Structures are given as structure tokens and as C-alpha cells.
Amino acid sequence: MAEEAQQEPRHKKSFYKEWIEPFMIAAVVALFIRQFGVEAFKIPSGSMIPTLTIGDHLLVNKFLYGPRIPFTDSRFFMGAEPKRGDIIVFKFPEDESKNFIKRVIGVPGDKIEIRKGILLINDQPVPIMEQKVERENGRDSGQASLWGKPRVFAEQLGTVTHRMQYLRDQSGYDFGPILVPRESVFVMGDNRDNSQDSRVWKFVKYEKILGKALIIYWSWDGNDGRWLRWERIGQLIK
């Protein structure tokens, strides 16, 4: 006699439909978005002060430069090329288990040089203008240092104008010149003399770039006596 297929109990079907299936779909969608859309990152150091500070939580666009094939450095297709002024997250060249975040200073073919503390791209000084250090909740913004208050500047890189800072005098500092190779970028932190960046370990290859920083979705730090930084939440990153 042919065996009859047994029908699954109705309560088990209901449990699967109401709980298991939505959870699995949500998990798959979340993994897809994390891999190809946006991913959250946390700032663990002060190398990007005053733009980003310790305790900032960011959303990073992983699609802009081209979606990556999972578990590889290859892309399904190339998207936009990184531009001067972009803030990017990438695999640290000296230890790819770590992710770093820095600002793109030079793109392929650029000549990068620092003469007596002045940044030059293709022999042209990068425009900067010193800004007054603002006060936030009764205290100086930026990062305190052994050399006194930081000097904060507005710097223009291509179409991007952003803030950066120095903690000490730069007039005696020289670097380069150095030429950015193909499919690579030269990056620096906005906290210019307190950042390990391309001045130390040279270039970031396109294939190692994970994405572009978009927005601060959360910011807090129990060490500054304020915990939540409400004024930073929702800020677009530039």
C-alpha cells in the first residue's frame, strides 16, 4: 500500500508563518543591506577630530564605489571613484583585520607635498582659513593637548570645505613630494599632527576601500561628562 503523506499540524504552520519566516526574511534583508548598502561603524580614536570624535557612530555607504563580492576584494562593478575630500572607511594596509577612517587628500596622478607645514597638491597650496575655536557647553571644542588649544582651520579640497586642526606649530614640517599611483588614494586624518595615515604607510588601494562615511546616527562618550552628544546626532559627514 502506498504511504500517505502526513499533513503538518496547523499550529506548527501558523507558528512558522507568524514568527520564523518573518525573522528569516528580516535577517536576510539585514545581511544584504550590510553587505551591499550601508553599515555601521564606530570611531575609536581622535585622528579625525574635529570632524569626527571618539564615540561617534556612523553609517557608511558601501554601494557608492561599487558593491563588493562577499569575502573578496573584488567588486561586481565599479561605481564612483573616490574624490578629494571624501571620508572613507578602508582596510588598514598594515593589518587588514582592522578598519581605518581618513579623508582623501590625493587621487591617482596627484603630486602630494608638505612644505613648512603647508599642504600642496600638484604644486598648488590647498586653501585654508583659520577659525576661532568655538565653545561647546562651556568648554573648548576640539582636543586638548600639551601644546595648548588646537588651531582649527577650514580647508578646501575640491568642492569640499571641511574643518581640520593642528595641535602644534607646523612651520618646520616637510613631507614628500610623492606621486599617487593608479587606483589608489592618499589619505590623512583631520587631526593632522595626531594621525597615522598615508604619510606613514603610503597609499590605500581602491580595492581596499569599504565605503564612504555618510551620517552620524549616534554619539556618546562617558569620559567627557556629557554622555549623549545630542547636537552631533543626525549630522551629515563632510
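Parameters at a glance
Residues numbered from 1 in each chain as written. Predicted model: local features only at pLDDT ≥ 70, side-chain atom pairs only at ≥ 80, totals over all residues. Heavy atoms only, no water. Salt bridge = Lys/Arg side-chain N within 4 Å of Asp/Glu carboxyl O. Helix = DSSP H or I, 4+ residues; strand = E, 2+ residues; numbered from the N terminus. Buried < 20%, exposed > 50% of the residue type's maximum accessible area, 1.4 Å probe, protein only. pLDDT = per-residue confidence, 0-100. Contact = heavy atoms within 4.5 Å. Polar contact = N/O pair within 3.5 Å; in protein donor to acceptor, adjacent residues only side chain to side chain. 1 Å grid on protein atoms, 1.4 Å probe; cavity = no way out; pocket = protein on both sides within 12 Å on 5 of 7 lines; lining within 4 Å. Points joined across faces, edges and corners; volume = space filled by probe spheres on them. Nonpolar A, V, L, I, M, F, W, Y, C, P; charged D, E, K, R; others polar. Pairing = 2+ DSSP bridges. Phe/Tyr/Trp six-rings, centres within 6.5 Å; stacked < 30°, edge-to-face > 60°.

Undergrad: Tell me about the pattern of salt bridges, and please be specific about residues and values.
TA: Tallied over the entire structure, the rule returns 13 salt bridges. As a salt-bridge pair, D56 and R232 come within 2.7 Å of each other at their nearest N and O atoms. With D56 in strand β2 (residues 56-61) and R232 in the segment after β17 (227-228), this pair connects stretches of sequence that are 176 residues apart. Neither residue differs from the other here; D56 and R232 are each classed as buried. The salt bridge partner of E96 is K208, with a shortest N-O separation of 2.9 Å. Placement of E96 in the loop between β3 (87-91) and β4 (99-106) and of K208 in the loop between β15 (204-205) and β16 (209-221) is noted, with a sequence separation of 112 residues between them. Note on K208: relative accessible area 13%, which makes it buried.

Undergrad: Could you give an account of the confidence of the model for the protein, naming the residues involved and the relevant values?
TA: Of all residues in the protein, 74% have pLDDT values of 70 or greater, and the mean over the chain is 80. Strand β10 (residues 139-140) is the least confidently modelled element of the protein, averaging 42 in pLDDT, while strand β14 (residues 184-188) averages 97, the highest of any element. Throughout residues 1-8 the model reports pLDDT below 50, and contacts reaching past four residues in sequence, or to other chains, amount to two contacts. Long-range and interchain partners of residues 135-142, a stretch whose pLDDT sits below 50, account for 17 contacts in this model, where long-range means more than four residues apart.

Undergrad: Tell me what's going on with the side chain of Q165, and back it up with residues and numbers.
TA: Position of Q165 among the secondary structure elements: in strand β12 (residues 160-166). Within the structure, Q165 has its side chain in polar contact with the side chain of N191 (distance 3.1 Å).

Undergrad: Break down empty space enclosed by the protein for me, citing the residues and quoting the values.
TA: All told, the structure shown has two cavities of 30 Å³ or more when counted by the stated rule. Considered as a void within the structure, the largest cavity measures approximately 50 Å³ in volume. Around the largest cavity, the lining residues are I114, G117, L119, Y166, Q170, Y173, M188, R192 and R199. Empty space within the second largest cavity amounts to approximately 30 Å³. Lining of the second largest cavity is provided by Y65, R75, M78, A80, P82, Y206 and I209. Residue composition of the lining of the second largest cavity, by class: six nonpolar, no polar and one charged.

Undergrad: I'd like a description of the sheet that holds strand β6 (residues 118-121), backed by residues and values.
TA: Pairing is antiparallel across the open sheet formed by four strands, whose spatial order is β7-β6-β5-β13. Both outer strands of the open sheet, β7 (124-125) and β13 (175-179), are each paired with one neighbouring strand and no more. As paired strands, β6 and β7 are joined by two bridges and run antiparallel to one another. By the bridge assignment, L120 is partnered in β7 with P125.

Undergrad: Would you mind going over the packing of aromatic side chains in detail, with residue names and values included?
TA: Scanning the entire structure with this criterion turns up eight aromatic pairs. Look at F90 and W201: their rings are 5.9 Å apart centre to centre, the planes differ by 55°, and that puts the pair in the tilted class. Taken together, the residues span a long stretch of sequence, with F90 in strand β3 and W201 in helix α2 (residues 198-201) at a distance of 111 residues. Residue classification places F90 among the buried residues on the basis of a relative accessible area of 0%. A ring pair is formed by F92 and W201, whose centres lie 5.7 Å apart and whose planes are at 75°; its orientation type is edge-to-face. Of the two residues, F92 sits in the loop between β3 and β4 while W201 sits in helix α2, which places them 109 residues apart along the sequence. Residue F92 shares its accessibility class with W201, and that shared class is buried. Feature note: the residues F90, F92, F100 and W201 constitute an aromatic cluster, connected by ring pairs.

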